[in-house]
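# Tertiary structure, described
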Amino acid sequence: MESLLNPESNLTSLFSPGASVAGRYTVQRKLGSGSFATVYLVLDSKSKSDEDRKVLKRILVGELKGDETVSSAKEAQLLSSLEHPAIVHFYCSFVELDSFCIATEYCEGGDLDNRIRDRWGTGRLFSERQVLEWLIQILLGVQYLHERLILHRDLKTKNIFLKNGMIKIGDFGVSRILSGSLDYATTFTGTPHYMSPEIFTCSSYDTKSDIWSLGCVLYEMGALTRAFDNQSWVKLVHQIVQGPSPTLPDCFSSELNAILQRMLDKDPTKRPSATETLKTPFIEENVKSLAFQLEDLLDRDLGKSCVSEESAQIAAALEQKVHLDSLRAAAQAQGLDPRERRRLRQDQRAERSKVQKAVDQLYQQSQKKVLKSRRSRKAQASDEGGELGSLDEVDQGSLQQTSEDWDSEGGSDFDELEETVMGSMLALSVEQSCTLHAYQNCLLGILQTSTTDEDQCDTLTEASQDVNMTMSIESKIKHLQQMCVEQLGDDVFQQVYSYLNSAPQQHGGPSDCENDLVPEQLQTWVQDPQHCLMVQQLLFLKEQLREPSDLKQAGIGTLGTDW
Ligand SMILES: Nc1ncnc2c1ncn2[C@@H]1O[C@H](COP(=O)(O)OP(=O)(O)OP(=O)(O)O)[C@@H](O)[C@H]1O
C-alpha cells in the first residue's frame, strides 16, 4: 500500500491557537475537520467591517503549479463577488506553504447537522413552521446561486449553517475552487447520502441534482434522520436509484410532503427548480407570512431603537439639569429670606414640569417616526407593484391571523420552543437588522416574480459551464484512499481494507446488497460506520476499474464519472 499524506502531521503548529497566518489572521481555535479540510476560527486584524471573527479553511494540497494557482484565484474572485444573506460570505483564498486557505464568514450557530443531532435525544421534532422558515431561506440561497449559473454540488445539512438564527449556505466554494485545478482534490465529499440518482446512472449534474440534495435536507429537517441511509454502500446506491422516496412524519402537512416528493423525483426533469418551489402556492403563502413577520420584527426593532435613543438623550439632559438645579439652589438658598426661597421652589417646580412636557413630546415624536417609517416601507412595497400591492392591504389584524396560523400548525409532536430570530424579543444588532432587511428584500422579490419570467437559466448543466468536473477513476481512487487513511489511520485502514477485500460476499464488501450491518469484527476496529462505507466505496471503484461490466450485473447501471 503506498504511503499517503497525513494532513494533521505537518504544519499543525502553524495553525495552533495564537498563531498568526498570512500576517493578518490570529488563530483562536480549531472548529473541526472534514473530508479534506481543517477549519479554524480566526480573528482578522485587517477586517474592513465590524466582523473580525472569520473562518479559515485549510486544505493540504502539496505544491501547486503556477497555472493551478491562477485558476483557483479566478474561481475565488467569482465567489467573493457573491452577496446574499443566505450564502456564507467568501472573503478570499491564498496559499500558505503547502496549504490552500479560504477565509469565509463565521456562523456562530454551527451547522444544521449538529442542530438536528442535538434533537435526537429529545424525541421532539422541529415545528413545521421552523422547517418551512429554514427551507425558504435555503431555497432563496440556492435560487441566487442557480441564477448565476453556479451549482452547489454538495448541499447537505453539514454545509448549511446558522448565524443569528438565520440560514447561511456554505462550502460550495471549496469544491469549485479545487475541482478545476488540483489533481486529487475532487467534488467527491465522502457522503453519498445526498447524491442524486443521475449521478450514479449517468454522468450529468445540473441544478436539479442540487434540488434532489435539498429534498434530502428537507426530509432530514423534518424527520431528524437521513432520507437515504444504509451502511452498505451498494445498498445505499440502490435505495437512491431505485428505492421509494421517504415521506415526512404524519404531523407534517400534506402540502409540504408533496413538495418533498417532487424534489425527490427520480427523474430530474420532473423536479421543480428553486424558483418554481418558491412559487408553489403553499410555499408562496409562507413566503408572504415570513415577509410580514420580518416586517413586524423590523418595525418593532426600529421602535425599540428609536425610543431607546431618545430616552438616552432625555435622560442625559435631565441629569444635567438636575445637577445644575441643585448647584444653583444651594448657592441661592444661602442668602435668601423665606419668601424668596418659596418663589425659588415654585420656579423649580415649573421648570420640572417643562422638562416633563419635553420628555412626553420627544416620546411622541419617536412613536411618529416609527409609524412614518412603517408607512413609507409599505408605500414603497406598493409602488414596486405586482403582488406587493396585496401586502399593503393586509392590516395588523391579518398579520396576527397569519402568525396564529403558523403557531397552530405546531402539533403535539413538535417542540414549541421558538428557535428563530423571528421569536426574539431582544433588540436586534445592526448586523442582524441588515441581514433581516436583506432577507425581507429577497422575500418581496419572490412575491414580485411571476412564474412566467422565472429562471430560464435554471436548467443549466454543469457541462455548459466552463468548469471541468470530470475526474478520472484513478484520481478518485487516490483521493478516496487518502481520505480513508486520514480518517482511520494507516493500520486500521489496512485491516479493514483486507478484511472487506478478502471475502466481499460475506463481509459487506462492494458486491454485497443484503447485509446492512457492519460485521462485528469491523466494529472492533471502526467506531463510525461511515468510515466502512468509504472503504466499501474504494473497493467498489477499484472493482469498477478492473471490470466495469460487473457493475451492471449488480443492478446499478453505468456508474457516472462525475461524482
Ligand atoms: N463558516 C463556518 N462557520 C462556523 N463553523 C464552520 C464554518 N465552516 C465550517 N465550520 C465547522 O467546521 C467543522 C469542519 O467543517 P468542514 O466543512 O471542513 O467539514 P464537514 O462539513 O464537517 O465535512 P465535509 O468536509 O465532509 O463536508 C464543522 O464542524 C463545521 O460545522
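Parameters and conventions
Residues numbered from 1 in each chain as written. Predicted model: local features only at pLDDT ≥ 70, side-chain atom pairs only at ≥ 80, totals over all residues. Heavy atoms only, no water. Helix = DSSP H or I, 4+ residues; strand = E, 2+ residues; numbered from the N terminus. Buried < 20%, exposed > 50% of the residue type's maximum accessible area, 1.4 Å probe, protein only. Areas by Shrake-Rupley, 256 points an atom, 1.4 Å probe, with all protein chains shown as cover. Pairing = 2+ DSSP bridges. Contact = heavy atoms within 4.5 Å. Near = heavy atom within 4 Å. Polar contact = N/O pair within 3.5 Å; in protein donor to acceptor, adjacent residues only side chain to side chain. Nonpolar A, V, L, I, M, F, W, Y, C, P; charged D, E, K, R; others polar. Phe/Tyr/Trp six-rings, centres within 6.5 Å; stacked < 30°, edge-to-face > 60°. Lys NZ or Arg CZ within 6 Å of the ring centre and 35° of its normal. Axes fitted to C-alpha atoms, helices over the stretch in contact; angles between N-to-C directions. Parallel < 35°, antiparallel > 145°, perpendicular 65-115°, else oblique. Left-handed = near helix turned anticlockwise from the far one by under 90°.

The chain carries the name non-specific serine/threonine protein kinase in an unreviewed UniProt entry, which gives Acipenser oxyrinchus oxyrinchus as its organism.

What follows is about the overall build of the chain. Broken down by element type, the chain carries 20 helices and eight strands. Per-residue burial for the chain yields a buried fraction of 51% across its 563 residues. Accessible surface computed for the chain: about 26300 Å², of which carbon and sulfur atoms make up 50%.

What follows concerns the pairing of strand β6 (residues 99-105). For β6, a buried count of seven out of seven residues is recorded, marking the element as mostly surrounded by other parts of the structure. Of the strand pairs in this sheet, strand β5 (residues 90-96) and β6 are connected by six bridges, and their pairing is antiparallel. Paired with C92 across the two strands is A103, which belongs to β6. Adjacent in sequence and paired antiparallel, β5 and β6 are bridged by two residues, among which L97 carries a positive phi angle near 50°.

Structurally, D52 can be placed in the loop between β3 (38-44) and β4 (53-60). You can call D52 partly exposed: its relative accessible area is 35%. For D52 and Y25, which are 27 residues apart along the polypeptide, the C-alpha to C-alpha distance reads 9.3 Å. Leaving out residues up to four positions away in the same chain, D52 has contacts with V42, L43, D44 and S47.

In the vicinity of the ligand lie 20 residues, with S35, K57, D111, K156 and D171 positioned nearest. D111 places a polar side-chain atom, nitrogen or oxygen, 2.5 Å from an oxygen atom of the ligand. Taking D171, its side chain carries an N or O atom lying 2.9 Å from an oxygen atom of the ligand. Isolated, the ligand exposes 610 Å² of accessible area, and the fraction of that covered by the protein chains is 89%. Going through the elements one at a time, β2 (25-33), β4 and β6 are the ones with two or more residues in the shell around the ligand. For the shell around the ligand, the leading source of residues is β2, giving three residues. Taken together, the residues of the shell around the ligand sort by class into seven nonpolar, seven polar and six charged.

Spatially, β1-β2-β3-β4-β6-β5 is the arrangement adopted by the six strands of the open sheet, whose pairing is antiparallel. Strands with a single pairing partner mark the edges of an open sheet, and in this sheet they are β1 (20-21) and β5. Direction of pairing for β3 relative to β4: antiparallel, over a ladder of six bridges. Bridging across to β4, V39 finds its partner in K57.

What follows covers the packing of aromatic side chains. Applying the stated rule across the entire model yields six aromatic pairs. Relative to W134, the ring of F126 lies with its centre 4.9 Å away and its plane at 70°, an arrangement referred to as edge-to-face. The two residues F126 and W134 agree in class, both being buried. A centroid spacing of 5.6 Å and a plane angle of 55° characterise the contact between F493 and Y497, whose relative ring orientation is tilted. With F493 and Y497 both in helix α16 (residues 490-502) and four residues apart, this pair spans about one turn of that helix. By relative accessible area, which is 0% here, F493 ends up buried. Taking the relative accessible area as the measure of exposure, Y497 reaches 11% and is therefore buried. A cation sits over an aromatic face here: K54 above Y91, 4.1 Å from the ring centre. Lying over the aromatic face of Y144, R148 brings its terminal NZ or CZ to 3.7 Å of the ring centre.

Let us now look at the packing of helix α2 (residues 112-120) against helix α6 (residues 207-223). Where α2 meets α6, the axes come as close as 9 Å, and the angle between the chain directions of the two elements is 30°. Regarding the angle of α2 to α6, the classification is roughly parallel. In terms of crossing hand, the pair formed by α2 and α6 is left-handed. Each of L112, D113 and I116 in α2 lies in contact with α6, whose residues at this interface are V217, E220 and M221.

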